[in-house]
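What follows is the residue order along each chain.
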Amino acid sequence: TMVQALHTRKHLVLAATFAVMAMALTLFSNRSANAAAPPDFADLAEKLSPTVVNIYTTQTVEVSSSPHQFFFPDQGDIPEPFRRFFGLPDMPEQQTPKREMKRTSLGSGVIFTADGYIITNNHVIEDADEISVTLHTFEEYAATIVGRDPKSDLALIKIEPKTDLPYITLGDSDKLRVGEWVLAIGNPFGLQKTVTAGIVSAKGRAINNESYGNFIQTDASINPGNSGGPLFNLKGEMVGVNTAIFSRTGGNIGIGFAIPVNMARNVLAQLKEHGKVTRGWLGVMIQQVTSDLAENFGLDRPIGALIGQVIADSPAEKAGLKAGDVIIEYNGKEVSQMSMLPAMVASTSVGEKAKLVMIRDGKKQNITVEIGKLEDEEVVVADAETGTSKKLGLTVQELTPKRAESLRIEETQGLIVSDINPGSAAAEVGILRGDISLERNREKVENVAQAKKALQAAQEKKRILRLI
């Protein structure tokens, strides 16, 4: 009986052990399956799709009605042999027969308020004579422009709906994490209510030298016609406005860009209230901090925005900012790269006192700046002549007031770069013909003799810090 009892107990222990192992394997398999499988977007797509609209625009343009128009719509582009062939050698452009033509384009938008305010891109509705909006119910409305902002590529339009419309909830784009799932809804190529999913590939992207970039990069499929449509997080909040793609073919290759909603929020509020946007102004010219520059300025890593020039009588000058300062924080937020600062300043209200953290002479300093109003500015680019004095693969010449006047530039002192040797150290760091060198290693340089002296003093470090 004792032996039988032990035998039975042994079987019970083995059975229990196998049961525990089976449960563990089941839990592990379920967890692995859940971790590997992407989320189900069906409920989210069903809920959010009614907030997205189709936008069609029509523009009347004048085109030439001459027989050459098929090949050369603009007569100014016609080569001389073709001009003679078509009998147009002496024919002024304004006398060329013209005819009106309707040009259409399409895009997306998202409903901002229940009473018919709609967010889209400026490039979708710019220069449009007529704007039509189609809802998810296929109802069509004529839209009017409330306000446009070309700098951010955002626009606000308005329709007069018969009933209240479903509208989006704005999220917090600053909380987005790289690798997080996002959903794009729009009308690529006019295909209404197309839903695509992907992840946040990167944040803080600057494209096409945009001053107010700081874009969200995503691999959610975005194509022509998606412009102006929303980018959602998994909570169903709009975190971005789909704006552009990087493509060699015109189609999606997995690199799309969206305007962060935190940047759009202030722009949209101003467009809704005033029809235009007023931006904050600091008054500095900035550049990216490279690894070499970080070492020169005593930074442990490349971070922040380096001030290259402080504009006279600007908020920055009044607050005591100087060329060579590196701004690393703005109102408590890290300026991890140069492109972030213009967007931060632009979204600050005029008259607001912004708190900056900067590096000066290798030490942290706190400074408060009262932000001014950004006015539209014009930029003049000057070319240069040939010159003298060769070092580091570039040729410079002394800048005199007379030469500055002939080149239409404000600076009257310094050295102007007149030539660059391809493949040289100067070319590698991006110095260009026409640049003006004001300082070397934080010392003013006004003539070639001073430049040579500064160059000799920098030989041991093998680096020269230039203010251009």
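Residues numbered from 1 in each chain as written. Predicted model: local features only at pLDDT ≥ 70, side-chain atom pairs only at ≥ 80, totals over all residues. Heavy atoms only, no water.

A. Seen up close, the sheet that holds strand E13 (residues 256-260). Taken in spatial order, the six strands line up as E8-E9-E10-E13-E12-E11 and close into a barrel, and their pairing is antiparallel. Recorded for the sheet is a direction-independent mean angle of 45° between the axes of neighbouring strands. Bridge analysis of strand E10 (residues 215-218) against E13 gives three bridges, and the strand direction is antiparallel. Bridge assignment links Gln-217 to a residue of E13, and that residue is Phe-257. Strand contacts of helix H5 (residues 261-274): strand E12 (238-245) and E13, with the helix running at about 50° to E13, the strand carrying the most contacts. (Pairing = 2+ DSSP bridges. Helix = DSSP H or I, 4+ residues; strand = E, 2+ residues; numbered from the N terminus. Axes fitted to C-alpha atoms, helices over the stretch in contact; angles between N-to-C directions. Contact = heavy atoms within 4.5 Å.)

B. Just the pattern of salt bridges, in detail. The full count for this structure, using the stated rule, is seven salt bridges. Put simply, Lys-333 and Asp-174 hold a salt bridge, and the shortest N to O gap is 2.8 Å. Here Lys-333 is found in strand E18 (residues 333-334), whereas its partner Asp-174 is found in the loop between strand E7 (154-158) and strand E8 (181-186), with 159 residues between them in sequence. By relative accessible area, which is 44% here, Lys-333 ends up partly exposed. (Salt bridge = Lys/Arg side-chain N within 4 Å of Asp/Glu carboxyl O. Buried < 20%, exposed > 50% of the residue type's maximum accessible area, 1.4 Å probe, protein only.)

C. Geometry of the packing of aromatic side chains. A full pass over the atoms with the stated rule returns two aromatic pairs. For the pair Phe-215 and Phe-257, a centre-to-centre distance of 6.5 Å together with 70° between the ring planes defines the contact as edge-to-face. Of this pair, Phe-215 sits in strand E10 while Phe-257 sits in strand E13; the two residues are 42 residues apart in sequence, bridging distant segments of the chain. With respect to class, Phe-215 is no different from Phe-257; both count as buried. A cation over an aromatic ring shows up here: Lys-158 above the ring of Tyr-117, its NZ or CZ 5.3 Å from the ring centre. Of note, Lys-272 hangs over the ring of Tyr-117, and the distance from its end group to the ring centre comes to 4.7 Å. (Phe/Tyr/Trp six-rings, centres within 6.5 Å; stacked < 30°, edge-to-face > 60°. Lys NZ or Arg CZ within 6 Å of the ring centre and 35° of its normal.)

D. Up close: unusual backbone geometry. Despite not being glycine, Phe-138 has its phi angle at roughly 70°, a positive value. With respect to the helices and strands, Phe-138 occurs in the loop between strand E4 (130-134) and strand E5 (140-142). The phi dihedral of Asp-313 falls on the positive side, at around 60°, and the residue is not glycine. Judged by relative accessible area, Asp-313 falls into the exposed class, the value being 55%.

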